[in-house]
Amino acid sequence: MDLLRSFWIFLLLLLSLLRNATTQFMYYNDTDTDTDTPDPATEVLTSLLAYHDNRVRPNASGNATIINCRVKIISMDSITEVTMDYKVTIILEQSWHDKRLAFRHLSNLSYVQTRHIDIWLPDTVFSNEKNAYMHKVTVPNSIVRIWNNGSIWYSMKITLVLSCAMDFAKFPMDRQKCTTVIESYRSTASELRLEWMSPDPVQVLKQINLPQYNFDGNFTYGYCTDQNGLFEGQFACLEFSFILDRELAFYIVQTFLPSSLLVLMSWVSFWIDITQAPARVSLGVTIILTMTTTTTGFGSAAGLPKVSYTKAIDVWFDMCLGFVTMSLLEYALVHYLWNREMELRHLRMASMKRKPKFRIWRKSGPRTEDTDVESVEMNDLETTLQSRYNYSTDYNPIDDDTEGFVRYDNGNSSPRKRRADPEPGIQEYYEPSYGSRVKLIALNIDRVSRFLFPVTFIIACLTYWIVYNYIVRDHFEALDPIVEVSQP
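Residues numbered from 1 in each chain as written. Predicted model: local features only at pLDDT ≥ 70, side-chain atom pairs only at ≥ 80, totals over all residues. Heavy atoms only, no water.

> Can you help me understand a nonpolar patch on the surface in this one?
Among the surface-exposed residues, Ile458, Leu462, Ile466, Tyr470, Ile471 and Val472 lie close enough to one another that they form a single nonpolar patch of about 650 Å² accessible area. Along the chain, the position of Val472 falls in the segment after helix H8 (434-471). Classification of Val472 as partly exposed rests on a relative accessible area of 30%. (Patch = residues over 30% accessible without salt bridge, like charges linked within 9 Å, V, L, I, M, F, W, Y side chains within 5 Å. Areas by Shrake-Rupley, 256 points an atom, 1.4 Å probe, with all protein chains shown as cover. Salt bridge = Lys/Arg side-chain N within 4 Å of Asp/Glu carboxyl O. Helix = DSSP H or I, 4+ residues; strand = E, 2+ residues; numbered from the N terminus. Buried < 20%, exposed > 50% of the residue type's maximum accessible area, 1.4 Å probe, protein only.)

> Help me out: how do you make sense of helix H2 (residues 40-50) in this one?
Turn by turn, an α-helix covers 3.6 residues, leaving residues three or four places apart pointing in a common direction. For H2, the full list of buried residues reads Val44, Leu45 and Leu48. Seen from one end, H2 has its buried residues packed into an arc of 95 degrees, which puts them on one side. Along H2, exposed side chains directed more than 90 degrees from the buried face belong to Thr46 and Ala50. Between the side-chain oxygen of the N-cap and the backbone nitrogen of Ala41 there are 3.0 Å, and the N-cap of H2 in question is Asp39. (Arc of directions from axis to C-beta. Polar contact = N/O pair within 3.5 Å; in protein donor to acceptor, adjacent residues only side chain to side chain.)

> Explanation requested: the pattern of salt bridges in the structure shown.
In total, this model carries 13 salt bridges according to the counting rule given. For the salt bridge of Arg70 with Glu93, the shortest nitrogen-to-oxygen distance reads 3.7 Å. Of this pair, Arg70 sits in strand S1 (residues 65-80) while Glu93 sits in strand S2 (residues 85-97), and the two are 23 residues apart along the sequence. On the basis of relative accessibility, which here comes to 6%, the residue Glu93 falls in the buried class. Between Lys311 and Asp314 there is a salt bridge, with its nearest N and O atoms 3.2 Å apart. Assessed through its relative accessible area of 25%, Asp314 is described here as partly exposed.

> Looking at this model, I keep getting lost on the confidence of the model for the protein. Mind explaining?
Detailed reading of predicted coordinates is not advised where the pLDDT is low. Averaged over all residues, the pLDDT of the protein equals 79, while 72% of them reach at least 70. In the predicted structure, residues 367-423 sits below a pLDDT of 50 and forms 100 contacts with residues beyond four places in sequence or in another chain. Confidence over residues 481-488 falls short of pLDDT 50; this stretch has 21 contacts with residues more than four positions distant or in other chains. (pLDDT = per-residue confidence, 0-100. Contact = heavy atoms within 4.5 Å.)

> Any chance you could explain the environment of His135 here in plain terms?
Along the chain, His135 falls in the loop between strand S5 (129-134) and strand S6 (142-147). It is 8.3 Å that separates the C-alpha atoms of His135 and Met156, two residues lying 21 residues apart in sequence. The contact partners of His135, leaving out residues within four places of it in the chain, are Thr89, Pro140, Asn141, Lys157, Ile158 and Thr159. A polar side-chain atom of His135 sits 2.6 Å from a polar atom in the side chain of Thr159.

> Looking at this model, I keep getting lost on the packing of aromatic side chains. Mind explaining?
Geometry of an aromatic ring pair is reported as the spacing of the ring centres plus the angle between the planes. Summed over all chains, the structure comprises 25 aromatic pairs. One aromatic cluster is present, built from ring pairs that chain together Phe256, Trp267, Trp316, Phe323, Phe457, Tyr464, Trp465 and Tyr468. Here the guanidinium or amino end of Arg145 rests over the ring plane of Tyr111, the centre of that ring lying 4.2 Å away. The ring of Trp338 has Lys439 lying over it, and the distance from NZ or CZ to the ring centre is 4.4 Å. (Phe/Tyr/Trp six-rings, centres within 6.5 Å; stacked < 30°, edge-to-face > 60°. Lys NZ or Arg CZ within 6 Å of the ring centre and 35° of its normal.)

> Hey, could you run me through the side chain of Lys170 in this one?
If you trace the backbone, Lys170 turns up in the loop between strand S7 (151-163) and strand S8 (175-184). Judged by its relative accessible area of 8%, Lys170 falls in the buried class. Reaching out from Lys170, the side chain makes a polar contact with the backbone oxygen of Val472 at a distance of 3.2 Å. Not counting chain neighbours up to four residues away, the residues in contact with Lys170 comprise Ala312, Tyr468, Val472, Arg473 and Asp474.

> What's the story with the state of the cysteines in this structure? I'm lost.
Put plainly, two cysteines are in a disulfide when a covalent bond ties their sulfur atoms together. Tallied over the full model, the rule gives two disulfides. Here Cys164 is linked by a disulfide to Cys178, with a sulfur-sulfur distance of 2.0 Å. Residues Cys164 and Cys178 are joined by a disulfide whose S-S torsion is about -90 degrees; by sign, that bridge is left-handed. Within this pair, whereas Cys164 is found in the loop between S7 and S8, its partner Cys178 is found in strand S8, the two being separated by 14 residues in sequence. On the basis of relative accessible area, Cys164 is assigned to the buried category, the value being 3%. (Disulfide = S-S within 2.5 Å.)

> Help me out: how do you make sense of the packing of helix H3 (residues 249-266) against helix H5 (residues 312-338) in this one?
Pairs of packed helices are described in terms of their axes, by the angle between the two and the distance that separates them. Packing of H3 against H5 leaves a shortest axis separation of 8 Å and a crossing angle of 15 degrees. Taken together, the axes of H3 and H5 lie roughly parallel to each other. When the axes of H3 and H5 are compared, the crossing they make is left-handed. Residues Thr255, Phe256, Ser259, Ser260, Leu262, Val263 and Ser266 of H3 lie in contact with H5, whose contacting residues are Ile313, Trp316, Phe317, Cys320, Phe323, Val324 and Ser327. Across the contact of H3 with H5, the residue classes tally to nine nonpolar, five polar and no charged. (Axes fitted to C-alpha atoms, helices over the stretch in contact; angles between N-to-C directions. Parallel < 35°, antiparallel > 145°, perpendicular 65-115°, else oblique. Left-handed = near helix turned anticlockwise from the far one by under 90°. Nonpolar A, V, L, I, M, F, W, Y, C, P; charged D, E, K, R; others polar.)

> Is there a simple way to explain the side chain of Ser95 in this structure?
Looking at the secondary structure, you find Ser95 in strand S2. Judged by relative accessible area, Ser95 falls into the buried class, the value being 17%. Residue contacts for Ser95: discarding those within four places in its chain leaves Ile66, Ile67, Asn68, Ile152, Trp153 and Met197.

> Explain the nonpolar core here, please?
One broad trend across soluble globular proteins is that nonpolar side chains are buried collectively. In this structure, Tyr86, Trp316 and Phe457 are the most contacted members of the largest nonpolar core, which totals 75 residues. Here this core takes eight residues from H5, the largest share from any one element. Beyond its immediate chain neighbours, meaning those up to four positions away, Trp316 contacts Thr255, Phe256, Ser259, Ser260, Phe457, Cys461 and Tyr464. In this structure, Ile274, Tyr331, Val334 and Leu337 belong to the second largest nonpolar core, which totals seven residues. (Core = buried A, V, L, I, M, F, W, Y, C linked by side-chain atoms within 4.5 Å.)

Following this line, the structure appears as structure tokens:
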């Protein structure tokens, strides 16, 4: 029994080994069969690239190779005024025909894909590019597709920092036009010709929102010829442009409104009493210093380059500073006129060599020698005639008749006349003295300034906005615009 059991166990083990050997043989036989049969795409690429020279352009001995281009904009950001450039991420698509890579006679496949380094590629560059890189996460973002008729489609995702010639003469009411040029680096127009794909050669894949600009997504595109200076000859190029319209709301809130309020505050001094010199002077000087600080600090805060021409915002700040300064100068004039009488009085008193005396002209009979009636100290007389606001109470009569009048003479100034004995019931009319007239002029200047300054400022503001919004043209409007033209 033990011998029989051992026999059956041995037989089962032998059958198991035979089964495993048969399975392994069949697996390796199938694997060898699959390896010996190449993939159709691999077979096509191997056949096409075996004799393909990627150093020579298609139709090298014939006409120029035509390259069709399309630009798809993914995002646009980092518009920098100081360096005059902007950052954009795009997908650049190019297509051309190379009869050396046609494979209809080799396979029924519609297309095959390969690496971009295996075939000839056009030497297109962005002439206004400052910095660029191709995306490589998680794999290089590029594709080359070869169609069975020899057409080639090449697409890649790249990020560019492109220069943009900006003009800030109308800042912050300016519009900037940025133009991008695509051209061949070493192939002349007789060797390589660039054309736009149709339709929609420039596309925006998703809405673009910029913090300081309004972008409507419209592009103008066309053709050009360029002479890059590196090689002799004309080089075909493509160009497209777009317009950035600056948002004005930020500058109205942060610049125009605060500066206008400073100008309005300077007009408060017109309602302050003329004699309050410390209040009016300190208010004017403080506002001028604030306006100057705002003007000098705005350029760096706004991130603008130091340009040699005058910007619209400079005109605005200078206009506001001018109104603030004029309000302070207005008080200097008013204060001078208000104290003019006292100044003249001091000068007259300093120049007097003798005390004034009253003289009497008799009404009847010939004039006799002047008779001294009394001597009055000038200081006592001035004290008596002085009013609360330095108004003089000394008046001159309108009547020219000198008879019956008493006058005083200080030896230098012209005689002033006063009626000696006015008749009862007769009303006399007096004209104000020189000091009173000057003070009235000072008061009237303050009154007129309360209305003249606001009206003038409103007119200046309206003129400013009309000129820079409707009269002054953007810098690119004077140039030849890029228009869509038919393919050459």
